[in-house]
Structures are given as C-alpha cells and as structure tokens.
Amino acid sequence: MAKNLPHLSGLRQWVYTAKTMHYQWQTVVKANTIQQARALGYREAKAIMGNHARIHSDDIIPLE
C-alpha cells in the first residue's frame, strides 16, 4: 500500500492458530498487541468451531 492509513497505523497483523485433538484452524487478526490478537483469534475460533470445542493449544505469529 502506498498510502498511510492513520486509523490502522497501530494495528499489526498476526496469524492465530488454534489446535484441538483432531484438527487445527488458522486465521489472520489485526490488533495492537499480542494479547489482543490472542483474544480476537480465540473468539473467532470458538465462533467457527463451536462453543464446545476444546482448544488445547494456540500459537500467535506476527505476519510481516
């Protein structure tokens, strides 16, 4: 992007990976901090997998 968008200046992109016993799911979230990225990714994973899904581990990697 050539333009600098002021409302997105503090946001970074993160790759959130949620892992259950049988499968894993990845998404890209935009947040200021890694804690916000984890919260957003977890909420999205629960929405996709269902509230009864047991997420055993999760990873967050900065997208550059």
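Residues numbered from 1 in each chain as written. Predicted model: local features only at pLDDT ≥ 70, side-chain atom pairs only at ≥ 80, totals over all residues. Heavy atoms only, no water.

Draft legend 1. Spatial organisation of the overall build of the protein. Looking only at helices and strands, one finds one helix and three strands in the protein. Across the protein, helices and strands are ordered from the amino to the carboxyl terminus as β-β-α-β. Across the 64 residues of the protein, 28% fall into the buried class. The long-range fraction of contacts in the protein, counting pairs at least 24 apart against all pairs at least 6 apart in sequence, stands at 44%. For the protein, the accessible area works out to roughly 5,000 Å², and carbon and sulfur atoms hold 52% of it. (Helix = DSSP H or I, 4+ residues; strand = E, 2+ residues; numbered from the N terminus. Buried < 20%, exposed > 50% of the residue type's maximum accessible area, 1.4 Å probe, protein only. Contact = heavy atoms within 4.5 Å. Areas by Shrake-Rupley, 256 points an atom, 1.4 Å probe, with all protein chains shown as cover.)

Draft legend 2. Representation of the side chain of Thr27 in the model. Position of Thr27 relative to the elements: it lies in strand β2 (residues 24–31). Judged by its relative accessible area of 11%, Thr27 is buried. Engagement of the side chain of Thr27 in a polar contact is seen with the side chain of Glu44, the distance being 3.1 Å. (Polar contact = N/O pair within 3.5 Å; in protein donor to acceptor, adjacent residues only side chain to side chain.)

Just distances and angles here, no functional claims.
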